[in-house]
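What follows is the residue order along each chain.
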Amino acid sequence: MHSTSLSEWRKLPLSLGELCINTTLRCGQSFRWQHLPDNNEWRCVLYGRFLSLKQDSECLYYRSTSPPDSHTHPALQTPHKDGEDPLVRIINHYFNLTPSLTGLYSQWSLSDPNFKKKASQFTGIRILRQDAWEALVSFICSSNNNIARISQMVEKLCTIYGQSVAEVDGRTYYDFPKPERLTGPNTESELRKLGFGYRAKYIHETAQTIAEMRDKGWLDGLSNPECPAFGVEAQPSSEMKPEGRDGYREAHEKLLELKGVGPKVADCVSLMGLGWGESVPVDTHVWQIAQRDYRFGKSSSKTLNKTTYDAVANHFRKLWGKEAGWAHSVLFTADLRTFADKLAATKKVDIKLEETKSEVKIETDVLTALAVKEPKEEIVDVEVKVEDIDEAVKTPKGKKRKESDGIVHAAHTTDTRRISKRLRR
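Please read these numbers as outputs of a predicted model, since none were measured by experiment.

Chemist: What is the right way to look at the packing of helix 12 (residues 306–320) against helix 13 (residues 324–334) in this model?
Modeler: A pair of packed helices is characterised by two quantities: the angle between their axes and the separation of those axes. In the contact formed by helix 12 and helix 13, the axes pass within 9 Å of each other and the chain directions differ by 105°. As far as their axial angle goes, helix 13 and helix 12 are roughly perpendicular. The residues of helix 13 that touch helix 12, namely those facing F316, R317 and W320, are A324, A327, H328 and L331. Partitioning the contact of helix 12 with helix 13 into residue classes produces five nonpolar, one polar and one charged.

Shown next as structure tokens:
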């Protein structure tokens, strides 16, 4: 494949309070994005299109390569009825940009003092609306694994079984392989040779089940109708219940029929691949948060089992409503060392006075910022066990990480008032 030229940067007005890609793409939701730390750029292939992103305090910047001749998602093969940029459609869907995130944070803060205390430094975290098949395979890979190895496995799947889409700066970018590409008779043995271990059998058998034993579109059909697959028009969903909506419970149960899928993996896929916001994945890390901050484990049951798993999830659903999984993910991220040790909020207030003959102009400028130390080098031998996902990045003992200090503006507001001089006398 010949190197492909990139388009000029285009911008989408979007504050860091509504989306922070540096946090959202690093908190264990997706394992396929390539981070270029020198210019803080993120690259990936989504729905058959290469996409490159970067961000400042006011805008999300995006660029791409020329659309491929083939392998484009069906929803992108015809112009949108509103004439919307196809890349903007992808961004809006994938990053789940329809809900007001500041509104959701306010809602969750009103119902939960613990959320209010911790989430103020972690604005802009969104639950991704990933392709359901990719989310399923990725979280099957996550079992008894760490972030770095999960990312390596997903990269191998794309490189060997996926469709090449673009070559940029000497690197070829691939889309995620379809289930049919992983059903061959030698797939399991090939994956074992690539280091997938026992997960090779789960991936192969699950691919066979979906490609050969389920109706076409079966997996996407488990999606929340309010948050359907890319290119599908949203529809109303059913009534919220303490244990979640009926569609969520049905999706969860059907996912459990697949090889390598337990309750935690089913909830991860339901939340990040099928759009069921009330899905609350509970692992040992979340269980520790529940014990420490929400007084779980004070009774005779102090271990994480099916009873306590359901109790924690139901408690969070009662507390935060039908987007409980989203709110829980913010607290999960706030508790990770890779963020908690490296973020500190600051606020700077400047007041300017301008006096004329008739009035006094008072301009108050408030800048809230996050001081961020971002890694200059990716560590690949992360010594962290994540049964489904634990602490995202932890520096191995005896190794030092190169870092650079930077400021990311989280909020910037200006208030201007004019006072008549006659009123001041």
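Back to the write-up after that little detour.
Chemist: Help me understand unusual backbone geometry in this model?
Modeler: Even without being a glycine, N40 presents a positive backbone phi close to 55°. The backbone of Y47 sits at a positive phi, close to 55°, despite the residue not being glycine. Tracing the backbone shows Y47 in the loop between strand 3 (41–46) and strand 4 (49–55). For Y47, a relative accessible area of 12% gives the class buried.

Chemist: What am I meant to see in helix 6 (residues 147–161) here?
Modeler: An α-helix turns once every 3.6 residues. As a result, residues three or four positions apart point the same way. For helix 6, which comprises 15 residues, the first-to-last C-alpha distance of 21 Å matches the rise-based estimate of 21 Å (1.5 Å per residue) to within 8%. Of all the residues in helix 6, the buried ones are I147, A148, I150, M153, V154, L157, C158 and Y161. For helix 6, the secondary structure elements touched by its buried residues are helix 5 (132–141), strand 7 (171–174), helix 7 (187–193) and helix 8 (199–212). A side-chain oxygen of the first residue of helix 6 lies 3.2 Å from the backbone nitrogen of A148; this N-cap is N146.

Chemist: Sorry if this is basic, but what is going on with the layout of surface pockets here?
Modeler: To locate leftover empty space, one rolls a probe as large as a water molecule over the atoms. Its volume calculated, the largest pocket comes out at about 970 Å³. Taken together, 41 residues form the lining of the largest pocket, with H73, D131, W133, K178 and D220 sitting closest to its centre. For the lining of the largest pocket, the secondary-structure elements that each account for two or more residues are helix 2 (86–94), helix 5 and helix 8. Its residues assigned to classes, the lining of the largest pocket comprises 19 nonpolar, 11 polar and 11 charged.

Chemist: Just to check I follow, could you spell out the nonpolar core for this structure?
Modeler: F115, W133, L136, L219, L255 and W320 are the most contacted members of the largest nonpolar core, which has 72 residues in total. It is helix 5 that provides the largest number of residues to this core, a total of eight residues. With near-sequence residues (within four places) excluded, L136 lies in contact with T206, I210, L219, L258, V261 and V269. Counting 25 residues, the second-largest nonpolar core is a separate cluster that includes W33, W42, C44 and Y62.

What counts as what
- Residues numbered from 1 in each chain as written.
- Predicted model: local features only at pLDDT ≥ 70, side-chain atom pairs only at ≥ 80, totals over all residues.
- Heavy atoms only, no water.
- Axes fitted to C-alpha atoms, helices over the stretch in contact; angles between N-to-C directions.
- Helix = DSSP H or I, 4+ residues; strand = E, 2+ residues; numbered from the N terminus.
- Parallel < 35°, antiparallel > 145°, perpendicular 65-115°, else oblique.
- Contact = heavy atoms within 4.5 Å.
- Nonpolar A, V, L, I, M, F, W, Y, C, P; charged D, E, K, R; others polar.
- Buried < 20%, exposed > 50% of the residue type's maximum accessible area, 1.4 Å probe, protein only.
- Expected span 1.5 Å × (residues − 1).
- Polar contact = N/O pair within 3.5 Å; in protein donor to acceptor, adjacent residues only side chain to side chain.
- 1 Å grid on protein atoms, 1.4 Å probe; cavity = no way out; pocket = protein on both sides within 12 Å on 5 of 7 lines; lining within 4 Å.
- Points joined across faces, edges and corners; volume = space filled by probe spheres on them.
- Core = buried A, V, L, I, M, F, W, Y, C linked by side-chain atoms within 4.5 Å.

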